[in-house]
Amino acid sequence: RVHDNYIVDQKGVQIRVAQIDTVLAACDKELSMFLLDMHQEGLETIQFAWKWIHSLFLRDFPLPVVIRFWDALFAEDTSEGVCSLIVYICAAVLSEFRDEILACGKSFDKVLEFLT
């Protein structure tokens, strides 16, 4: 449920982050492996995806893009659909910017700066 993203333990966000990693592994193995390798450097998906999910993308994306995301989210008729779409949007954003992410190399600071 979307509500689970905003409760004390934010269980929903933790679930979505795991789902983002799973979707990314299925659609872009190279980027997925790169980000998994970055886990060893201390960069976890939750460090950038938390803000995207918690703010429904408003803090990190231009308003016209956010409106497009929100239009799709509001068109969903179930909480489950909204949660799934949030995961797919996050994975799509990562995939769209894969070249820029990979170009950061194994630099924790550069990758985190780019993603936030």
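Predicted model, so just to flag it, every value in this text is computed and none were measured.

Topic: the pattern of salt bridges
In total, this model carries 5 salt bridges according to the counting rule given. Here Asp37 makes a salt bridge to Lys106, at a shortest N to O gap of 3.1 Å. A residue pair is termed long-range when its members are at least 10 positions apart, and Asp37 in helix α2 (residues 29-41) and Lys106 in the loop between α6 (98-103) and α7 (108-115) qualify at 69 residues. When its relative accessible area of 32% is taken as the criterion, Asp37 is described as partly exposed. By relative accessible area, which is 44% here, Lys106 ends up partly exposed. Put simply, Lys51 and Asp60 hold a salt bridge, and the shortest N to O gap is 3.2 Å. Each of Asp28, Glu30, Arg98 and Asp99 takes part in one network of salt bridges that share partners.

Considering unusual backbone geometry
Here Leu56, not a glycine, exhibits a phi torsion of approximately 50°, which is positive. Of the residues examined, Leu56 reaches a relative accessible area of 24% and is grouped as partly exposed. In this model, Phe57 sits at a positive phi of 75°, which is unusual for a non-glycine residue. You can see Phe57 is positioned in the loop between α3 (46-54) and α4 (63-75). With a relative accessible area of 0%, Phe57 lands in the buried category.

Description of the packing of α4 against helix α5 (residues 79-96)
In the contact formed by α4 and α5, the axes pass within 9 Å of each other and the chain directions differ by 150°. Here α4 lies roughly antiparallel to α5, going by the angle between them. Crossing hand, α4 versus α5: right-handed. Judged by residue contacts, Phe69, Ala72 and Leu73 of α4 engage Val82, Leu85, Ile86, Ile89 and Val93 from α5. A per-class count over the contact of α4 with α5 returns 8 nonpolar, no polar and no charged.

Rules used throughout
- Here the residue index of a chain counts from 1 through its sequence in written order.
- Reporting of local features is limited, given that this is a predicted model, to residues whose pLDDT is at least 70; pairs of side-chain atoms are given and counted only at 80 or more, and all residues count toward the totals for whole chains, interfaces and linings.
- Values shown for side chains rest on all heavy atoms present in the structure; no hydrogens or waters enter the calculation.
- The working definition used for a salt bridge is a side-chain nitrogen of Lys or Arg within 4 Å of a carboxyl oxygen of Asp or Glu.
- Secondary structure elements follow DSSP: runs of H or I of four or more residues count as helices, runs of E of two or more count as strands, with numbering from the N terminus.
- Partly exposed describes any residue whose relative accessible area lies between the buried limit of under 20% and the exposed limit of over 50%, with all areas from a 1.4 Å probe on protein chains only and scaled to the type maximum.
- The angle between two axes is taken between their N-to-C directions and runs from 0 to 180 degrees, where each axis is a line fitted to C-alpha atoms and a helix contributes only its stretch in contact.
- Working rule for angles: under 35 degrees goes down as roughly parallel, over 145 as roughly antiparallel, 65 to 115 as roughly perpendicular, anything else as oblique.
- Rotating anticlockwise by less than a right angle from the far helix to the near helix defines a left-handed crossing, while the corresponding clockwise rotation defines a right-handed one.
- What makes two residues a contact is simply this: any of their non-hydrogen atoms within 4.5 Å.
- As a working rule, the residues Ala, Val, Leu, Ile, Met, Phe, Trp, Tyr, Cys and Pro are called nonpolar, Asp, Glu, Lys and Arg charged, and the rest polar, with Gly in that last group.

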